[in-house]
Structures are given as C-alpha cells and as structure tokens.
Amino acid sequence: MTQTMRQFKNGLVDQNPTLVLLLGMCPTLAVSTSLTNAVGMGLAATAVLICSNVVISALRKLIPDKIRIAAFVVVIAGFVTAVDYLLQAFAPALSDSLGMFIPLIVVNCIILARAEAFASKNGVVRSAIDGLAMGMGFTMALIFVAAVRELLSAGTLFEFTILPDAFPKIDIMGQPPGGFIVLGVVIAVMQAVRNRSKAKNAAGL
Amino acid sequence: MNEDFAEAAEPREPVSGVTEPASEPSGEPVPDEPVTGSGPDGAPPKPPYKKLPDLKGVMMRTGPFLNAAGKGLRAAVRVTAAVLRVIWRILCAIGRFLHRVFRKDSIPNLILVLALLTAVTAAGLGVIYTVTGPQIEAARAEAFDAAMGEVFPGLELAFVKSSFGENVYEGRDADGNLAGFSILVSPDGYSGPIGMIVGVDLRREVTGVTVVSQRETRGFDAKGTMQNGFLEQFAGKNGPFALGNGIDAISGATISSEAVTQGVNDALALLDREIQP
Amino acid sequence: MTWQGLITMSLGAILIENFVLVRFLGICPFLGVSKKTDTALGMSMAVIFVMTAASAATWAVQEYILIPLGVEYMQTVAFILVIAALVQLVEMFLQKAVPALYKSLGIYLPLITTNCAVLGVAIINADNGGGFFESVLFAFLSGVGFAFALLLFSSIRQRLEFAEYPEAFEGFPIALVTAGLLALAFTGFTGLKIF
C-alpha cells in the first residue's frame, strides 16, 4: 500500500477524526439535520483543512514554538473567514442554513489537531493529502449521521422523498436529542466493527 | 602618346609634399598618382586625390583628453567600490544585529511573526471581502425580495422600506407602481416567537402568509412548512381572523395556530394604524 | 434591564436554549471532562470565567476596533486571538494559584480555546449587537447553563460505570446516548414563559 493510500485509509477509517478520534462533534451534531447541510459543512471544513495544512506546513520552519498555536489559529481563522465570505456570495442558501457553524469551523478541533500533529511536522504535499483524507473522513461521518437523521425525521434524502408517506416521521430525530443518540449509535457501530477486526487480528496471530 | 606611355612606365620618384614617413605605415593604400601629363619640369603635380583624414592630428589633439578621462574614470570606480564596500559592511552588521534580536524564540521575533501573519491574513481577507462584497449584497437583495415576495404569488416585486415604520415594506412592480405591502410580525408561539410575513394588497386583502422562523414543536413539518395548508386559509380575505370563524386550527397545534392567526391580525392592525392615522 | 427581563434571559440561556443540550456548543469538554464530578466542577468554573471574560474582551474589540476601522471581516481572527490569549492567561494563573486544579484539568484547559461555546457566545453577542452589560450577562448565564448541564451529566455518568450496556457502546457512544436522553428531558422546557 503506498503511503498515499495509507493516509486515506487512516483518515477514513483507522483514525476517522469524528468516529474514532472523537473530534469535531459540535458541528456534526448541529448540521446533521439534513444531508445537504452535512455535505456542505463537510466540504467547507475539508477546504479549510487542506488550505491551512498546506500553509502551516510551508511555514513550519519559520514559526517559533512558543506562538505555535496562536499562529496556527490565525492561519485557520483566515481561511475560515475566506470560505465564509465565498459561501455567502456564491451559496447563500447553504450559508444561511449552516449559520454560525461556518465561523465555528475555526474551533473545529480536527483542523487544529491535524495542524499540530501532522502539518507542522511534514512536507507540503503530504500535509495536503492528510487534509484531504481527514476532511473526507469527517464528511463521511457527517453523511452517516445526517442520512439517518434526515431519513427518520422527514423521510427524505437530499430533500428527495425516499420513504413512503405511511412511514412515521420521528420528529425527535431532527432535534438535539436525536442528534446525540444517532451519533452515539453510529460511533458504537464503528467501535464494534473495529473491535471485531482487532479480535480477528489478535486471533489470527 | 608614346612618350607619355614611356614616362609612365618609368619608376616614379615620390612627390614631395605628401611624405609618408616610413615609421608610420598608413593603413590606407596610397592612391596611385594619376598621370598628369606634366613631367619633372614645373611645380609638383597638384594632388587631386582624396585627402586622408588627419588621424594623427586627431589623435594628437584628443589624446590628452582621453588620458585625463581615463584617469578620472578609474578614480571614480575606485571611490564607488570603496563606498559600496562600506555600505555592504553596514548592512551585514545590521543583519547580524537583527538576527540576534529576532532569534527564533526571542520575544521580538514572536511578535514579528505573529504580526506579519496577521497582517498578511488581513490583507488577503480584505481582498476577498472587496471582491465578494457586491456579490453578497446582490444575493441578499435577491433573497430579501424573494422572501418578501413569497406572499405575493405570481408577481415579481421589489421591496423597499416604507415610510410606515420599520416592519412594513412596500412592494413595487417593474413599472414602479405600488402593488401591496409586506408586513413583518412576530407573535409569540408555543416555544418562542414566530417570525411571519403577511402580504396585503391595495384592497386591504391578505394575499399570502409565510412563516420565516419558528421553533414550534407541532404544526410544522421538518422543513418548517406549516401543515395542512393552514396558511392558505388567509388568502383573499379581509380579516379580522379568528380560529373557528372561517379559520380551522391544526389539530394538536392549537397554540401555534392561534399565534399565527393573531400575527395576521396584528399585521392588518399595524397597516391600518400607519396608513390611516 | 428589568428584573423580569433578567429572569427571562436566565431561563432562556440556562434551560430553554441551553448551550450544550440545545445549541450544541461545547460538546468536546462536555463529553471529555464529565467522568468525575469534581473535575467537572473545576472545568465549569474555568469555562464560566473564560466565557464571561472573553465576551467582555471581544465586545470591546468589536466596538472599538473592528467597527470603527471597518474591518468586520477580521472578526473571526480577532476574536479567536483574544480568546487564545485569555486562556493562556488563565492557564498561567491557575498553574500558580491552584496547581491541583491545573493538573486535574490537564489537556482540557488549553482546549477551552477551541471550545465552541466560548467563540460561539462571542459571535452570538456580536450578531445581537447588544450593549456591554447585556452581552457580558448573557455570556455569564450561558456559562452557568453549560455548567448546569455538565454537572448533571457528570453525576449521571458516574452511575453509568455500574450499568450494563453493549460492549460496542463503551466510552463515548453510551455517553452520547445518555446526553441525548438528558437533552430529551430539556425539551420539556420549550415554551417556558413566566412573564
């Protein structure tokens, strides 16, 4: 497996930022009421992640250790604001539904954690790939949770009606309690899968 | 003729007056002396040939200038070189000083890096802000007109604040004629205020009602649309409205239905108050 | 501000629109520090303080720097820098004054910088455009709401240790489901009106 493939497997499965590392849960819970919001947020966060990883990796030798976090945060905040304004200009509906959680991407632990753990210690290309992989992992987690919530609360996916009208619409799934519960279940499923594969590996040895 | 030819065949002696000193070989071939027809008698033949440029004379005259200029130039170069060397030394000293002050972990360097980063970020964001600014304004205006115009189905209106208070907007069609009013109201619902827009035409009839924000737990589906076509019941009517009197509440959502009905009444009352004081 | 307004704002910030259970702000520390009640208490105090101080500082920055200079687009950058500096100061203070608390909070103290609740309350205040006193009061009350939810949750979680649940739910999943049930309880507060 090439290093790039390994990085992708890492970001999507082994170290999925939301489902395994348990980072970035605030936006996951808040925007997973509909799939369009989830995908929009996922893409926005991925864009910021890639850009900030690239810049921080390029500047990594110049940033003094003491102001590391502050410097990272300035770079990330800059890209978040840029994405915010671009969304406001070219996708205003998405910008409205995501609301406050777009500027809150700056405190999405995933981005700061990857800057600290990877971008500040690796080259530009590797960091860009890491940003893409982790961003895709985050988006995937968002999609899982949002699909379940939208399906159960409105019977639709991407606003296309999927379930027959007779299917009861569980309103609570679209509200905060449902968000917590669905996310908990999704992470539990992920953990079960990983436990099983770990047990298989251990038994196989 | 034969005589001339014979003379011409004899080796000639150099004519005085045009002496070529042996030590200065000229680069130019000496033009042949044309036969003039006059022999050794009489004055030496006048030279109708081309005159040589007086190179020697030129060089004799300009030589001193050139020497002086050369010396001056060399002096100038030496001085310039010396000055440049001094400047270079000063720059190196400054560089060393800065390098010592702005060591990687020193306080001035911390401040410098952070300030530079913030400045570059500010510049970049300023550019993006200026570039996307007009587009954002246009998108907002479009969304505003669309939202306000939802209560006037089938018409394309532009909305401006009216002189009747900050919650009443005038809707004008493409020719600038007033078509109606969009009124913003927020009655208190079950779980908080319900943001509504009520459209009223010039006959004081309700053209439409939409809900833009609510946190109700019943009466609205997951997309925020009020159920059972509740809002359509107001269109074309004059008011005042009351549940049970031509307006059917949504079953199980009485409080929300009551709130919305009250909102429509509030809007009409607001319009009445402002237009006919 | 009338005392009725005060009570309405308090109810809103603490119960009806609880920062954690309704607005989804501050989940990371909510889940991370709630295993033991005394750590939860210390974290709550720290967060209340940072939220209040940060909203005061960011209000000043918004009012006296960003708006006059017309650089509102620097809001996110400016706010997060202010918060980072504030957390650094709190860290240094705690390290000297209450080292035991500093140690028990561990990594979660600097993580208050990335706490959505702190930046969130600053942004909400900036959007509402209220006065200084209003903004700071709202931030304080929201912090109290965060603390309330955190303490409730930690006391439930301490009992979770003796409960039986599927192995796959070990750790965060069962905590999330429990938080969901707590949020469910809080939906009972919607529509609460006294005045």
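Counting restarts for each chain: residues are numbered from 1 in the order of the written sequence. Lettering of chains starts at A and numbering of ligands starts at 1, both following the order in which they are written. Reporting of local features is limited, given that this is a predicted model, to residues whose pLDDT is at least 70; pairs of side-chain atoms are given and counted only at 80 or more, and all residues count toward the totals for whole chains, interfaces and linings. In computing side-chain properties, one takes all heavy atoms of the structure into account and sets aside hydrogens as well as water.

*Asks:* So what exactly am I meant to see when it comes to the confidence of the model for chain C here?
*Replies:* As a note on interpretation, predicted positions should not be read in detail where pLDDT is low. For every residue, the predictor assigns a confidence score, pLDDT, that lies between 0 and 100. Across chain C, pLDDT averages 87, with 98% of residues at or above 70. Reported confidences for the modelled complex are a pTM of 0.75 and an ipTM of 0.83.

*Asks:* Would you mind going over the interface of chain C and chain B with me for this structure?
*Replies:* As a measure of interface size, the accessible area lost when the parts come together is often cited. The partner chain B presents 11 residues to the eight residues of chain C that form the contact. Summed over both partners, the interface of chain C with chain B comes to about 790 Å²; 69% of that surface belongs to carbon and sulfur atoms. Each polar contact in these results corresponds to two N or O atoms within 3.5 Å; when the atoms are within protein, one needs to be able to donate a hydrogen and the other to accept it, and residues that are neighboring in sequence are counted only if both atoms are side-chain atoms. In this structure, the connection of chain C to chain B is made through zero residue pairs in polar contact (both at pLDDT 80 or more). Partitioning the side of chain C that touches chain B into residue classes produces four nonpolar, two polar and two charged. Contacts are residue-level and defined by heavy atoms, with any inter-residue pair within 4.5 Å sufficient. Summed over both partners, buried area is the accessible surface (1.4 Å probe) that two parts give up on being assembled. Asp, Glu, Lys and Arg are counted as charged, while Ala, Val, Leu, Ile, Met, Phe, Trp, Tyr, Cys and Pro are counted as nonpolar; the rest, among them Gly, fall into the polar class.

*Asks:* Hey, could you run me through the pattern of salt bridges in this one?
*Replies:* Salt bridge, as applied in this entry: a Lys or Arg side-chain nitrogen positioned within 4 Å of an Asp or Glu carboxyl oxygen. Scanning the entire structure with this criterion turns up 10 salt bridges over all chains. Of the charged contacts, one joins Arg-68 of chain A and Glu-116 of chain A as a salt bridge, the two residues approaching to 2.7 Å between their closest N and O atoms. One end of the pair, Arg-68 of chain A, is in helix H4 (residues 68-90); the other, Glu-116 of chain A, is in helix H6 (residues 109-117), and 48 residues separate them in sequence. Note on classification: 1.4 Å probe, protein chains only; a residue is buried when its accessible area is under 20% of the maximum for its type, exposed when over 50%, partly exposed between these limits. Residue Arg-68 of chain A is classed as partly exposed on the basis of its relative accessible area, which comes to 24%. The exposure class assigned to Glu-116 of chain A is partly exposed, which follows from its relative accessible area of 25%. With its nearest N and O atoms 2.8 Å apart, the salt bridge here joins Arg-204 of chain B to Asp-272 of chain B. Of this pair, Arg-204 of chain B sits in the loop between strand S4 (195-201) and strand S5 (206-213) while Asp-272 of chain B sits in helix H4 (residues 254-275), and the two are 68 residues apart along the sequence. The secondary structure listing takes helices from DSSP runs of H or I that are at least 4 residues long and strands from runs of E that are at least 2 residues long, numbered from the N terminus.

*Asks:* Looking at this structure, I do not really get the pairing of strand S1 (residues 158-161) of chain B. What am I missing?
*Replies:* Residues and elements named next belong to chain B. We treat two strands as partners when DSSP finds at least two bridges between them. Of the strand pairs in this sheet, S1 and strand S2 (residues 168-172) are connected by four bridges, and their pairing is antiparallel. Pairing of Ala-158 across the sheet is with Arg-172, part of S2. The loop that links S1 with its antiparallel partner S2 comprises six residues; one of these, Gly-165, has a positive phi angle of about 100 degrees.

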